[in-house]
Structures are given as structure tokens and as C-alpha cells.
Protein chains: 2
Amino acid sequence: MERHAFAADDSRRTQRRLARDGIVSPEMARVAEREGLQAQLVRDEVARGRLVIPANLHHAALDPMGIGLRARVKINANIGSSPTTSSLDEEVEKLALSQRWGADTVMDLSTGKRIPETRRAILDVATVPIGTVPIYEALERVKRPEDLTAELLLEVIAEQAEQGVDYMTIHAGVRLEHLALCRHRVTGIVSRGGGLLARWMVHHERENPLYERFEEVLAVCARHDVTISLGDGLRPGSIADASDAAQFAELDTLGELVQRCWDADVQCMVEGPGHVPLHQLQENVERQQRVCHEAPFYTLGPLVTDVAPGYDHITSAIGAAVVGWHGTSMLCYVTPKEHLGLPDAEDVKQGLIAYRIAAHAADLARGGAHGARAARWDRELSQARFDFDWRRQFALAVDPDTAQAMHDETLADDYFKTAEFCSMCGPKYCPMHNFRDVDWERLERLGARRPVGAD
Amino acid sequence: MERHAFAADDSRRTQRRLARDGIVSPEMARVAEREGLQAQLVRDEVARGRLVIPANLHHAALDPMGIGLRARVKINANIGSSPTTSSLDEEVEKLALSQRWGADTVMDLSTGKRIPETRRAILDVATVPIGTVPIYEALERVKRPEDLTAELLLEVIAEQAEQGVDYMTIHAGVRLEHLALCRHRVTGIVSRGGGLLARWMVHHERENPLYERFEEVLAVCARHDVTISLGDGLRPGSIADASDAAQFAELDTLGELVQRCWDADVQCMVEGPGHVPLHQLQENVERQQRVCHEAPFYTLGPLVTDVAPGYDHITSAIGAAVVGWHGTSMLCYVTPKEHLGLPDAEDVKQGLIAYRIAAHAADLARGGAHGARAARWDRELSQARFDFDWRRQFALAVDPDTAQAMHDETLADDYFKTAEFCSMCGPKYCPMHNFRDVDWERLERLGARRPVGAD
């Protein structure tokens, strides 16, 4: 796709503006192709704000994709160094891994040294949209959070936009008046951006600069078509804090900011929690969709319990599958290392696989065309399983190597690749083997006994 | 608890009979204590059939537990050798592991050699109820499935009951008239017992012997107070087959058998699927509860997709959490090795942890007294997290060693056990650290700005 030719022709129009002008951009056409949707539908959804195509004009390597209610459920992988751990090369390696394991977008959350260089290296090769949280880089340039300024934040946002970042988390919804609502929470504030801004606001006795200067943020984002991901700086960080007054007060502000993004023809999505028990998931999605006018919802998990550090890819894949089913458009993965340390390559892989499972389960449950396509994959794998076509079953698996390695642990010989059993049951007990040996003609001859429920 | 003294006094009465006679048995008292319930409530629930206490009179080592709607959600681990893999010692080791990682019950599904010896070794040390599927041992004694006889099945059931098995899966619901409904399924029959019986029935042109001789099965179970777990031999083994006519035809028979168990004063629960997409989970639970008169539901997963062999502890933990929330009483774990081979010790651990997460998330979502207790655990762990009390956070985790190992991968020194950050964010970015540094008194002095939502 000739993204740059297009950008050169019309470098001041966002996908949203183009859509509202009735134009199907190359990016929209590509999204339509990837999603199996009509191009006009993609355009209308982008115009309506229900679908975003994070596609910075300067991100040459990008293969455009869409995030929204009518698209497949997407997954995001967070990578990035921390001040204590990792390096540029390791992060580029994590990007490659993320793309290999099916991340639809990748956020570079680097903090510490060499942030722009790391991002540059990532953008040069990333075919998926790259997201950032600009306040992290801003903080690197000052000594303490209190030293941040609105000008510095805007400067970093502009530099990252010029570099080609496709979407940015902007925590403009954390307002001074919300902070008292967090004071007695069990886990206070657990968003890095939210924590920094809270400290800044109280110290300066001032409103959130990202809120106060939001029009300037919008101007930068409109210029380069950066999609804004409205950060939920006050998301609950524990089951005890889920669905509380602070979370929903911020959500109301986010709803207001969605409208301001749209008025400026800036694409936006809305970030969501966090830690939410199972029975509150559906209401969380529905509330976001209502308050934020159906702007795409992008949740972190949610984790359905706090008690399993080391396994939070699982605690959160449970929540992610359920919110995906109820209408969340993108699921930000959580790795096993969450709450404990910076994820390494293996953690990235484990997080992504858990989230591909969650997103696929959500697509299946939503039904429609994406659900039907998802169901075909399940059917093909199960058909291969029933046919004892082990090689095909492995090939169709989310992680073929792991599936084969687990099988081969006990029955490695090539002979067993066509065997009508595995080491779980062995041949005599294998139900699928026994089923295949049923004498169906004889059963039919027992015609007198008509099957129940078959008439 | 003096189980044997009690058994000697009154060896012919099941927990169900005792409850219906208004007696609170030592087993019921113990379950009440473990669940934080009134002993009378436990008795009434057992009498009503909504709670089972699998407690064979001959299982001396047992610490009685209860399975039912008013109890905490329970998890079961399947262990047992297969004809190709494992040994007696390995299986006893898996039992110890299962108890260590929180299994509430354990099924010994051994096939192949030395089945009774393996079970004896397990029963001697198991404090949790032990379940079996007697048809497996029966099949070991004949050459082919067709050689099974009703007499042999009854003989094995009686021997296992005398040995002390607390509950047995009896596939009495698979009827000849259901089989035609399975013929064109994607994965046919995936229950080992179901597959064997289907082959037998068609070969002999006879009804399921476990159905025909169910009164004799009941007599044995009543004598030793074996709880019957009504097997779902026709459970769907793929998303394509979920909630189909075969599954629900068998469920209707299971509902009839529940009543027959109760009439014979035999405790029973009902096994459920299998593979079920997210949006069909709730209706599956509600249908079982209605058709089976609220007898405890005991599901295998369910897996919400087929496409992730190697990760089916995750695909199924998603389904398990949701069905647990909607009223399933016990969740049979699925290990990462499902569909691929016999689980080893590490698979058992991974399966159990995924299921402790699912069961805990379900308890949380159900609310009530168990939910409140579950929420306290989340709160304590999150409080430790917010306090940067790393040691306490690890101690409270489902798997303390793994949590600590992951943390220590990057920040191993003892110094970091009280550090106000981890390698994910480092100190400057840590939101909880920044939150703790907020000057709350200053915020309060900004009194003019009243928090939104706080009035």
C-alpha cells in the first residue's frame, strides 16, 4: 500500500476527516480487506467514531488495521525498557516476537535511557501500529514529577507524532477534583501517568495540564493523524477499588473528551480497567459505551482477582474474554510478570497467547461474520483432532511448537503422528477411536428405536 | 474426626439418609465448619440433594468436604496412569501435589496395569475425596470393549466401593436411542466411558447396562455411601458440537437418574461439558440446574475454544470461572497437556493453579458470605502490594514461590524486598510510590474544589 504517496497528497486530513468527507482512504480499504467488511462500512464506522485506524502519516512500515465494535477483537502487547532493566536490542526483539505471536498493536512503554532511539528502531520495522505514553519520555527529561510542565508535555507529544507514533495514551481525564476520591482506596492510583499527574497537580495546586491544554494536544494529533487513547489514570488497581466513584468520575470526563477529539477530527479510543470482578464486567463495558458514545473501548485485562501474581496472564485473560464478548474492541495483554517485574521475551509470548485465546473466544461468542470465521478455525482444528491428523492439529494450533512438543514428550516417534490415540488414554480407551469403530449401519438397522430429539 | 466409630455404629445410612432423618452427622458438622455455614443448613442442603458430601465409609483418611450451591466453588484434579505412561509412585506423588496445590477432590483415572494397587496407595493417604470411573478398571479385565458385561461392571463398582472410593462416575445416561444424534458430530464422542459404552451397545444391540442395571448400582453405592457422579458420556468435545441435541438428550436422562439416586438415598452430582463457547455458558448451567433439580453441577472446564492445545488450562479456566459464577459447584481442571498426552507433575500444578483462580473468581462474583471471604483475600494481597510489603504479597499469592521467583529475576537482592518499586516501573515511575507521595493535606486545603461524586 502506498501510504506515503497518499500522505503527501493530503497530509492534513485524518482518517476521521476523510471518512466524514465521504472518502474511502487506502487505509480504510486495507482495513476492509483485512476484516472482510465493505469499505463503505469501514468509512462510516470511522466517521461515526466507532472504529479507529491508528495510522500516523509518518509510519511508513505500517500495515493499517482497525479497532472497533464491527472489527475482530484486537490485542495489544506492551513492551519497552524500564530504568532498571532491558535494552534497545531486547525491545526490538520483543517487537518481532509480538508480531510473531499475533499482537495487533504494540505499545512501546520504554522509560529510562534511550527512549527516542528505541522507539525509532521499533517504528522502522513495525507493521503494526505503535502506541506510546508521552508523559514517560517527558519525565525522563526532568528530575522529579513536579518539574514537568505543560510545554514539555506538548513538546514530547509533537516530537513523537513527528516520529510516526500511531496512537498515544493521554491521561487528560485525571482531574484535580477526582483525586480526593482515590485517597482511601486500597491501591490508590496504579496508572503510571495517573500517579505522576496526581502528584504534579497537588504539588502545584493546578488542574491537569493535559486537560487544560487538550486543544493543543488535539492540534498536534490532527496534524499527524495520531489516534488518542484516552488513558484511565484512575483505573482500579484491585478488586476492592473496582467500579468506584473515582473510576466513574474519570470516565465521565473521558466521555466529554471523546466529543472534543471528534470535534477536532481526531480519532480516539478509551482505556479501561484494570481489576474488576466477573460480575461487574458487563456493566463496565456497557457504561463505557454509553458514556463515551461507543468510542472503541481498550481495556487492560481486566484481572478478575488480585491473588495470583505470577499468573496474571490467566486472571486477566478471563476478564478479557468476557469484556471482549460484551463489546471491548481491544484487549491490552497482561503478562505473567505483571506486578512483579519487567516482562522478558518469554513473558511477552505467554501474555500474547493468553490474549489470542481471549480475543478469539470473544469473537466466537459475539457471533456474526467474525464469529463464523472464528468458529471455522475451531471446527478445522477439531476435525483434524477427530481425524487423528496430529500434524494438522499442531499446524492449526495457536502455538504449533508447544502443542507438538507436549504431544511428543511421551510419544515422540513419527509413527504416533498418525496413531489413533495419545498418551492420555492409549488406544483401547480413546473415545474418538472407539466412536469411529461404532458399527453405524447396525445402529441404523435398529430402526425401531428412533433417536430422541431427532424429530 | 472419628469417622470410623460413626460408620461402625450406623454403617447402612448415607449422608443423604441421615440428613433426611434430621441428623447432623460428624461429616456434616465438619463441612459446616469448613464452609462457615450452620450445621443445620448443611444438613438441609444434603437432604434436599443440593449439597453432596462424598465420604465413603471406608475412606479412613478423609477430611470431609461438601460440593454444592451453598458451598465454596470446588476444584477437582484428575490424576492416574495410562497404559502407555506413568507408574504407581508417580501417581501417589501427583496426589500429594494435588493436595498441596489446593485440589478439593482428586479423581484417580488410572488405566493400564496395577489399577487397584495404585488406588489403594492413593486412598491410604488422601484427605480429599477420591473419585474413579469404574468402567476403566472393568475394561482392563477384558480384551475388547465388546467383552464387557453388566456383571463385571457391577463387580468392579462393588470392589471399588469396598475399597473406599468416595465418588464414582457412572455413565448411565448414555442411551442407545441417543447415539444416532452423535453420528454427524465433528468430534463424535469424547468421553472415554461414553465411547466404550456406545461401541458396546451397538455391537450387542442392547441398552446401556449401567442404565438397565442402575438399581443394582444404587444398592452398592447406598451400602458404602458412594456418591454417584452422573457422567456426561455425550458431552461436546468441540465448539461445533456444543449444546447440541445429543448433549441435551442425555441431560434429560441424567435428570431422571438424579431422581432415582435420591429415591435410593444415594448422593449424586451431575457432570457437564466440555467445550462450550462463552455465550452458551450461562444457559448450560441454568438448564442443568433446572433439568437435574439443582443437583450439584460438576463441569470439565468448559473450554471456550478448541484452537489452543498446549494452553487448555487457560481456554478452560475462562469457561470454568464463568460457569462457577453462574452456579456450577465443582470445576474439573484441565491441564496444559489436555488433548496431547498424559499430564505430568508440572501439568497438574499448572492446571490446579488455573482452576484455583477460576474458582476464586467465581466465589468473588457470586457474593454472599463466600464472596466476602474471597474478597478479603484479594484485599489483603492488594494491601500488601500497596504497602510494598513484598514478602507478604508473595506469602498471600496462590503460588508464593513463583511470585517471588519472578520478582527476584530482576531484583533479587534482599534490599528490594522493601523497595517502593519493582523492575516494571522503577522508583521514579511507580504509580503507587507517587501516590503515596501525594500531599493530601495540601489537597484538603484546596477545599473550594469539592470532589465530584463525593456528595
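This structure is a prediction, so every number in the text was calculated from the model and none was measured.

Engineer: I keep staring at the overall build of chain A and nothing clicks. Help me out?
Structural biologist: For chain A, the helix and strand inventory stands at 22 helices and ten strands. Seen through its principal axes, chain A has C-alpha atoms that stretch 85 × 50 × 45 Å. For chain A, the residues scored as buried account for 67% of the 455 residues in total. When contacts within chain A are restricted to residue pairs at least 6 apart in sequence, those whose partners lie at least 24 apart make up 71%.

Engineer: Mind showing me how you'd approach the UniProt feature "binding site: [4Fe-4S] cluster" (unreviewed entry) in chain A here?
Structural biologist: Residues and elements named next belong to chain A. Per the UniProt record, the feature "binding site: [4Fe-4S] cluster" (unreviewed entry) sits at Cys422, Cys425 and Cys430. Here Cys422 lies in the loop between helix H19 (400-410) and helix H20 (426-429). Using a relative accessible area of 10% as the deciding quantity, one classes Cys422 as buried. For Cys430, the position within the fold is in the loop between H20 and helix H21 (431-436). Judged by its relative accessible area of 7%, Cys430 is buried.

Engineer: I keep staring at the nonpolar core and nothing clicks. Help me out?
Structural biologist: In globular proteins that are soluble, nonpolar side chains generally tend to be buried together. Counting 281 residues, the largest nonpolar core has Leu179, Phe214, Ile228 and Leu278 of chain A together with Phe214, Ile228 and Leu278 of chain B as its most contacted members. Apart from residues no more than four positions distant in its own chain, Leu278 of chain B is found in contact with Ala321, Val322, Trp325, Ala361, Ala362 and Ala365 of chain A together with Val304, Ile318 and Val322 of chain B. In this structure, Val31, Ala55, Leu62 and Ala71 of chain B belong to the second largest nonpolar core, which totals 13 residues.

Engineer: Whenever I open this one, the sheet that holds strand E9 (residues 297-300) of chain A confuses me. Can you help?
Structural biologist: Where strands meet in a sheet, backbone hydrogen bonds hold them as pairs that are either parallel or antiparallel. Residue and element names in this part refer to chain A. With parallel pairing, the eight strands of this closed barrel are ordered in space as E3-E4-E5-E6-E7-E8-E9-E10. Pairs of neighbouring strands in the sheet enclose a mean axial angle of 25°, with direction left out of account. Strand direction decides the pairing type here: strand E5 (residues 130-132) and strand E6 (residues 167-170), joined by two bridges, are parallel. From the neighbouring strand, Gly131 faces E6, where its bridge partner is Tyr167. Sitting on the sheet, helix H16 (residues 345-366) touches strand E3 (74-79) and strand E10 (330-332), and the angle it makes with E3 is about 165°.

Engineer: Whenever I open this one, the interface of chain B and chain A confuses me. Can you help?
Structural biologist: How large an interface is tends to be reported as the accessible area lost when its parts come together. Contacts between chain B and chain A engage 123 residues on the former and 122 residues on the latter. Summed over both sides, the interface between chain B and chain A buries roughly 10800 Å², with carbon and sulfur atoms accounting for 68% of that surface. Among the residues of chain B in contact with chain A, Tyr311, Met424 and Tyr429 of chain B are the three that bury the most area, contributing 8% of the side total. Here chain B and chain A share eight salt bridges between them.

Engineer: Explain H19 of chain A to me, please; I cannot follow it from the model alone.
Structural biologist: Side chains three or four residues apart in an α-helix point the same way, a direct result of the helix having 3.6 residues per turn. Every buried residue belonging to H19 of chain A is among Thr402, Ala403, Met406, His407 and Asp408 of chain A, and all of these are buried. Looking at the buried residues of H19 of chain A, the elements they touch are H16 and helix H18 (390-396) of chain A.

Engineer: Would you take a moment to explain the environment of Thr418 of chain A for this structure?
Structural biologist: Residues and elements named next belong to chain A. Mapped onto the fold, Thr418 is located in the loop between H19 and H20. Along the chain, Thr418 and Trp390 lie 28 residues apart, while their C-alpha atoms are 6.5 Å from each other. Once residues lying within four places of it in the same chain are set aside, the contact partners of Thr418 are Phe388 and Trp390.

Engineer: Can you help me understand unusual backbone geometry in this one?
Structural biologist: Cis peptide bonds are those with omega within 30 degrees of zero, and the linkage from Gly301 of chain A to Pro302 of chain A qualifies with 0°. As for its placement among the helices and strands, Pro302 of chain A is situated in the loop between E9 and helix H15 (312-326). Despite not being glycine, Ser243 of chain B shows a phi value in the positive range, around 55°. With respect to the element layout, Ser243 of chain B can be found in the loop between strand E7 (227-230) and helix H12 (245-263). The phi dihedral of His293 of chain B is positive, around 55°, even though this residue is not glycine. The class of His293 of chain B is partly exposed, set by a relative accessible area of 30%.

Engineer: Sorry, what's going on with the relation of the copies chain B and chain A here?
Structural biologist: Here two copies of a chain appear, and what relates them is a rotation about an axis with a shift along it. At an RMSD of 0.0 Å, chain B and chain A line up after a rotation of 180° and a shift of 0.0 Å along the axis. One copy is carried onto the other by what is essentially a two-fold rotation axis. When each C-alpha of chain B is compared by its distance to the rotation axis, Ile318 of chain B comes out closest, at 2.3 Å. The share of interface residues of chain B whose copies in chain A are also at the interface is 99%, consistent with both copies meeting through the same surface.

Engineer: Which parts of the structure should I look at to understand the packing of aromatic side chains?
Structural biologist: The geometry of an aromatic ring pair is captured by two quantities: the separation of the ring centres and the angle between the planes. Residue and element names in this part refer to chain A. In total, this model carries 14 aromatic pairs over all chains according to the counting rule given. Between the aromatic rings of Phe386 and Phe435, the centroid separation amounts to 5.8 Å while the plane-to-plane angle is 65°, which identifies the pairing as edge-to-face. Of the two residues, Phe386 sits in helix H17 (residues 368-386) while Phe435 sits in helix H21, which places them 49 residues apart along the sequence. Given the relative accessible area of 4%, Phe435 is considered buried. Ring geometry for Phe435 versus Trp440: centroids 5.1 Å apart, planes at 65°, classification edge-to-face. Across this residue pair, the class does not change: Phe435 and Trp440 are buried. Site record: aromatic cluster; members linked through ring pairs are Phe386, Phe435 and Trp440. Here the guanidinium or amino end of Arg436 rests over the ring plane of Phe386, the centre of that ring lying 5.5 Å away.

Engineer: Please clarify how the packing of helix H3 (residues 26-35) of chain B against helix H4 (residues 39-48) of chain B should be interpreted in this entry.
Structural biologist: The description of two helices packed together rests on the angle between their axes and the distance between the axes. All names here are of chain B. Relative to each other, H3 and H4 sit at 115°, their axes nearing to 8 Å. Considering the relative orientation of H3 and H4, their crossing is right-handed. Contacts between H3 and H4 involve Met28, Val31 and Ala32 from the first element and Ala39, Val42 and Arg43 from the second. Across the contact of H3 with H4, the residue classes tally to five nonpolar, no polar and one charged.

Engineer: It is not clear to me how the packing of helix H14 (residues 281-291) of chain A against H15 of chain A should be interpreted in this structure. Could you clarify?
Structural biologist: All names here are of chain A. Two numbers describe how H14 lies on H15: the axes approach to 9 Å, and their chain directions differ by 45°. One way to sum up the angle between H14 and H15 is to call them oblique. Crossing hand, H14 versus H15: right-handed. Two secondary-structure elements touch here, H14 through Leu281, Gln282 and Val285 and H15 through Gly319, Val322, Val323 and His326. Its residues placed into classes, the contact of H14 with H15 shows four nonpolar, three polar and no charged.

Engineer: How should I be thinking about the environment of Leu251 of chain A in this particular structure?
Structural biologist: All names here are of chain A. Within the secondary structure, Leu251 sits in helix H13 (residues 245-263). Taking the relative accessible area as the measure of exposure, Leu251 reaches 8% and is therefore buried. Along the primary structure Leu251 and Gly173 are separated by 78 residues, whereas in three dimensions their C-alpha atoms are 7.4 Å apart. In this structure Leu251 touches Val270, Arg287, Gln288, Val291 and Cys292, once residues within four positions along its chain are discounted.

Engineer: Please clarify how the pattern of salt bridges should be interpreted in this entry.
Structural biologist: Oppositely charged side chains are able to pair whenever their charged atoms sit close together. Residues and elements named next belong to chain B. Scanning all chains against the criterion turns up 90 salt bridges over all chains. Arg34 is paired through a salt bridge with Asp63; the nearest N and O atoms lie 3.5 Å apart. Of this pair, Arg34 sits in helix H3 while Asp63 sits in the loop between strand E1 (51-52) and strand E2 (67-68); the two residues are 29 residues apart in sequence, bridging distant segments of the chain. Classification of Arg34 as partly exposed rests on a relative accessible area of 35%. Put simply, Asp408 and Lys417 hold a salt bridge, and the shortest N to O gap is 3.1 Å.

Engineer: Even after reading the chapter, I still don't get H12 of chain B, so can you show me in this structure?
Structural biologist: In a regular helix each residue adds 1.5 Å, so 19 residues correspond to 27 Å; H12 of chain B covers 28 Å between its end C-alpha atoms and thus fits that length. Asp265 of chain B lies just past H12 of chain B and shows a positive phi near 60°.

Engineer: How should the sheet that holds strand E6 (residues 167-170) of chain B be read in this particular structure?
Structural biologist: All names here are of chain B. The parallel closed barrel is built from eight strands, whose spatial order is E3-E4-E5-E6-E7-E8-E9-E10. Between one strand axis and the next, the sheet turns by 25° as a mean value, whatever way the strands run. Two strands pair when backbone bridges link them, and strand E3 (residues 74-79) and strand E10 (residues 330-332) are joined in this way by three bridges, in the parallel orientation. By the bridge assignment for E10, Ile75 is matched with Leu331. Packed onto the sheet, helix H5 (residues 88-100) meets E3, strand E4 (105-108) and strand E5 (130-132) and runs at close to 165° relative to E3.

About the thresholds
- Residues numbered from 1 in each chain as written.
- Chains lettered and ligands numbered in written order.
- Predicted model: local features only at pLDDT ≥ 70, side-chain atom pairs only at ≥ 80, totals over all residues.
- Heavy atoms only, no water.
- Helix = DSSP H or I, 4+ residues; strand = E, 2+ residues; numbered from the N terminus.
- Buried < 20%, exposed > 50% of the residue type's maximum accessible area, 1.4 Å probe, protein only.
- Contact = heavy atoms within 4.5 Å.
- UniProt positions renumbered as here; feature names shortened; annotations may be inferred.
- Core = buried A, V, L, I, M, F, W, Y, C linked by side-chain atoms within 4.5 Å.
- Pairing = 2+ DSSP bridges.
- Axes fitted to C-alpha atoms, helices over the stretch in contact; angles between N-to-C directions.
- Buried area = accessible area lost by both parts, 1.4 Å probe.
- Salt bridge = Lys/Arg side-chain N within 4 Å of Asp/Glu carboxyl O.
- Least-squares fit on C-alpha atoms with pLDDT ≥ 70 in both.
- Phe/Tyr/Trp six-rings, centres within 6.5 Å; stacked < 30°, edge-to-face > 60°.
- Lys NZ or Arg CZ within 6 Å of the ring centre and 35° of its normal.
- Left-handed = near helix turned anticlockwise from the far one by under 90°.
- Nonpolar A, V, L, I, M, F, W, Y, C, P; charged D, E, K, R; others polar.
- Parallel < 35°, antiparallel > 145°, perpendicular 65-115°, else oblique.
- Expected span 1.5 Å × (residues − 1).

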